[in-house]
Amino acid sequence: MSEPTNVPVVGSSTVNIRNLSIKCGNCDTYQTLSHFHRRDEDWNVYTYECENDVCDSAVTRTYLEVPVDLDEFANRDPDWRGGRIHAGAE
Ligand SMILES: [Zn+2]
């Protein structure tokens, strides 16, 4: 098997995180988007956490990384910065 590479994928579909759901393998409930940041200019990183008393969010936290060029949600949603505030981003 060949290693995956980072060559740009021509004609690839964009990604909209609104179309995804992040489910915790520990408590079996859906995690909530809590933070957003940019990593290395090329990646948008969305942080999801459990919001219940079952999981320690510091342990079960999920980082969903989307290539900036393909990130339809961050690129097209004009209200996203406001959304960041509501999501608890600093
Ligand atoms: Zn959980």
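Refer to the preceding data block for the structure.
Reference entry: report on the structure contained in this document. (Residues numbered from 1 in each chain as written. Predicted model: local features only at pLDDT ≥ 70, side-chain atom pairs only at ≥ 80, totals over all residues. Heavy atoms only, no water.)

1. Focus: the environment of tryptophan 43
As for its position among the elements, tryptophan 43 is in strand S2 (residues 43-49). With sequence-adjacent residues up to four places away left out, tryptophan 43 is seen in contact with His37, Arg38, Glu65, Val66, Pro67 and Val68. (Helix = DSSP H or I, 4+ residues; strand = E, 2+ residues; numbered from the N terminus. Contact = heavy atoms within 4.5 Å.)

2. Examining the sheet that holds strand S3 (residues 62-67)
Strand order in this open sheet of 3 strands is S1-S2-S3, and the pairing throughout is antiparallel. The sheet terminates laterally at strand S1 (32-39) and S3, the two strands that pair on one side only. Averaged over all pairs of adjacent strands, the angle between their axes in this sheet comes to 25 degrees, without regard to strand direction. Relative to S3, S2 runs antiparallel, the two being bridged by 6 bridges. Opposite threonine 47, over in S3, you have tyrosine 63 as the bridge partner. (Pairing = 2+ DSSP bridges. Axes fitted to C-alpha atoms, helices over the stretch in contact; angles between N-to-C directions.)

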